[in-house]
Amino acid sequence: MDTSDIEGDLSSILYTEEQIHQKIAEVARLVERDYAGRDPLLVGVLKGAVMVMADFARELRIPATMDWMAVSSYGSGTKSSGVVRILKDLDSDLHGRDVIIVEDIIDSGLTLSWLLGNLRGRGAASVEIFALLRKPEAATVEVDVKYAGFEIPNEFVVGYGLDYDERYRNLRAIGILAPHVYS
Ligand code: XMP
Ligand code: MG
């Protein structure tokens, strides 16, 4: 099965690889301006943010370091449980660091608001968020996302790191998962 076959599980493509890269480049220009001379620490949230981090970090033309955290707020379904657990913690000391959380998507906002509080409590000089996708209709808690990519409809999306039951992360595009796949 190649990735063109699994695109048949999408009811529509929301963003192509080119559109995603264009957006990431736009955000990188803002971050370069805001963080000039500050060596930000990019904190990627596993596993969904792997593709965003890989492309965003390489697009940045300022020094930056990367670290990773794995948290869980979802089971294998499509609804947020509201319970956040750390599955893998950072290796870095955050004291005095300018942290940018790199996320694939903000849905209810529960994961990111919890993460913001957690990282701020570790003595970081600043903590901001870059989320490639945002579902504005789904927000149950207000989260200040400094760098937001695309606003998307309140649908379950996959591709470019985003999964349904661990599948579809390797799609280059982002699309809406067809209901026949999960119903
Ligand atoms: P909350 O609701 O806490 O959710 O903001 C954030 C996390 O939930 C996952 N998520 C999705 N994953 N397609 C996915 O593949 C989606 O449409 C979707 N909506 C939320 C994601 O892991 C994110 O980090
Ligand atoms: Mg996920």
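Residues numbered from 1 in each chain as written. Chains lettered and ligands numbered in written order. Predicted model: local features only at pLDDT ≥ 70, side-chain atom pairs only at ≥ 80, totals over all residues.

### Some points on unusual backbone geometry
A cis amide bond links Leu 46 with the next residue in sequence, Lys 47, at an omega value of -5°. Here the phi dihedral of Asp 165 falls at roughly 55°; this positive angle occurs in a residue that is not glycine. Looking at where Asp 165 falls in the secondary structure, it is placed in the loop between strand S8 (157-158) and strand S9 (174-177). You will see that Glu 166, though not glycine, has its phi angle at about 75°, which is positive. Along the chain, Glu 166 falls in the loop between S8 and S9. (Helix = DSSP H or I, 4+ residues; strand = E, 2+ residues; numbered from the N terminus.)

### Regarding the sheet that holds S8
The pairing of strands in a sheet happens through backbone hydrogen bonds and is either parallel or antiparallel. Pairing within the open sheet is antiparallel, and its 3 strands lie in the order S1-S9-S8. In the strand order of this sheet, the two ends are held by strand S1 (10-15) and S8, each with one partner. Across 4 bridges, the pairing between S1 and S9 is antiparallel. For Ser 12, the partnering residue across the bridge sits in S9 and is Ile 176. (Pairing = 2+ DSSP bridges.)

### Brief notes about helix H2 (residues 17-34)
Compared with the 26 Å implied by 1.5 Å per residue over 18 residues, the 26 Å span of H2 between its first and last C-alpha is a close match. Taken residue by residue, H2 has Ile 20, Ile 24, Val 27, Ala 28 and Val 31 as its buried positions. Each buried residue of H2 sits inside an arc of 110° when the element is viewed along its axis, so together they form one side. Facing away from the buried side of H2 by more than 90 degrees, the exposed set consists of Glu 18, Gln 22, Arg 29, Leu 30 and Arg 33. Those residues of H2 that are buried lie in contact with S1, helix H3 (50-59), strand S5 (98-106), strand S6 (126-134), strand S7 (147-151) and S9. (Expected span 1.5 Å × (residues − 1). Buried ≥ 20, exposed ≤ 12 C-beta atoms within 10 Å, placed from the backbone. Arc of directions from axis to C-beta. Contact = placed C-beta atoms within 7 Å.)

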